[in-house]
Structure formats: C-alpha cells, structure tokens
Amino acid sequence: MKRILIVDDAATIRMYHRQLLEAAGWEVDEAINGIEALEKSLNQHYDLYVVDVNMPKMDGCAFLRELRRNPQAHQAPAIMVSTESQAKDELAAYAAGANFYIVKPAKPDHLVRVVALMLGQGGGNA
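From a predicted model like this one, the values you see are computed outputs, not experimental measurements.

Moving on, we get to the overall build of the protein chain. Secondary structure summary: the protein chain contains five helices and five strands in total. The N-to-C order of helical and strand elements in the protein chain reads β-α-β-α-β-α-β-α-β-α. Radius of gyration (C-alpha) of the protein chain: 13 Å, near the 14 Å computed for a compact globule of 126 residues. A principal-axis box enclosing the C-alpha atoms of the protein chain has dimensions of 35 × 30 × 25 Å. Evaluated residue by residue, the protein chain yields a buried proportion of 49% over its 126 residues. Long-range contacts, defined here as pairs at least 24 residues apart, represent 60% of the contacts in the protein chain between residues at least 6 apart.

Here is the structure:
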C-alpha cells in the first residue's frame, strides 16, 4: 500500500486531505510543519508528500529543499498545496523540488487524481 505524508499546520486541512486520500485507498500520516516532516521522513518511507507552503518553524519550500538533499527520501514526488496563487509562488515551489502545485482549496476529485498520477496509479486506488 502506498504511504503519503500530509504536511500542513492547519488541523482541518490535514483532516480533509487525510479523509480524501484514505477513502481512495492510501495509507496517510501527518506532520504539522517541515521539521516534524523531516524527522518522520528519516524514520519512515513515504511514496508521496502533500505539502503546504506557509507553515511555522519550517515552511514547505524549505522542507522540500531539505528533503531533496536526503538520499533516502529525495526521489518521492511532492505536491505543494497553497493559498498562494501567483506564478512566482508556483515557480518557487518547483524550484524547491515540488512535482505539482495545487491552489487551496483543493477540489477532492482533482487532489485524488493528481495523487494517483504522482504515484503512477491512473485510477486513484492504492
């Protein structure tokens, strides 16, 4: 079963994303900021990261830059999810190592479809 780490400081967003992704058949873990996510990624393999941009302690871009330096986890795709909708924000996410960028609020079917594609599963089932 594919394992996904949701990294977001907002509990409601983590719960929303978890419900969508678990309903689609994936195993989901959570982190409240980039520092916690890095610690978890050192101890657990994740097949995909769903990462918020704006978080305290370590934001999503800083997290992805650090993650991409870690040889154990750097290959896993990452979807950046943000309220920031300007092109410069999207470019910054890609420069940090994101594979896809979604503006919040993520539509349920769109998020599940993008996760499935990033995991190499066309349909959305794990």
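Our focus in this paragraph is the pairing of strand 3 (residues 48-52). Burial within strand 3 is extensive, with five of its five residues counted as buried. Inspection of the sheet shows strand 1 (residues 3-7) paired to strand 3 by four bridges, in the parallel sense. Bridge pairing in strand 3 places leucine 5 opposite tyrosine 49. Bridge analysis of strand 3 against strand 4 (residues 78-82) gives four bridges, and the strand direction is parallel. The residue of strand 4 that forms the bridge with valine 51 is methionine 80.

Here we come to the sheet that holds strand 2 (residues 27-31). A sheet is described by the order of its strands in space; here five strands give the open sequence 2-1-3-4-5, paired in parallel fashion. Of all the strands in the sheet, the pair left with one neighbour each is strand 2 and strand 5 (100-103). The average undirected angle you get between the axes of adjacent strands in this sheet is 20°. Here helix 4 (residues 87-96) sits on the sheet and contacts strand 4 and strand 5; the angle it forms with strand 5, its principal contact strand, is near 145°. Sheet contacts for helix 5 (residues 108-118): strand 1, strand 3, strand 4 and strand 5; angle to strand 5, the most-contacted strand, approximately 175°.

So, about the nonpolar core. Formed by 22 residues in total, the largest nonpolar core has its most connected members in Leu5, Val7, Tyr49, Val51, Phe63, Leu64 and Met80. Looking at this core, the elements that each hand over two or more residues are strand 1, helix 2 (34-43), strand 3, helix 3 (60-69), strand 4 and helix 4. When residues in this core are grouped by element, the largest group, four residues, is from helix 3. Dropping the residues within four chain positions of it, leucine 5 is found in contact with Asp29, Glu30, Ala31, Ala37, Lys40, Tyr46, Leu48, Tyr49 and Val50. Counting residues in hydrophobic clusters, the runner-up holds 19 residues, among them Leu21, Ala24, Trp26 and Val112.

What counts and how
- Residues numbered from 1 in each chain as written.
- Predicted model: local features only at pLDDT ≥ 70, side-chain atom pairs only at ≥ 80, totals over all residues.
- Heavy atoms only, no water.
- Helix = DSSP H or I, 4+ residues; strand = E, 2+ residues; numbered from the N terminus.
- Rg over C-alpha atoms; globule rule 2.2 N^0.38 Å.
- Buried < 20%, exposed > 50% of the residue type's maximum accessible area, 1.4 Å probe, protein only.
- Contact = heavy atoms within 4.5 Å.
- Pairing = 2+ DSSP bridges.
- Axes fitted to C-alpha atoms, helices over the stretch in contact; angles between N-to-C directions.
- Core = buried A, V, L, I, M, F, W, Y, C linked by side-chain atoms within 4.5 Å.

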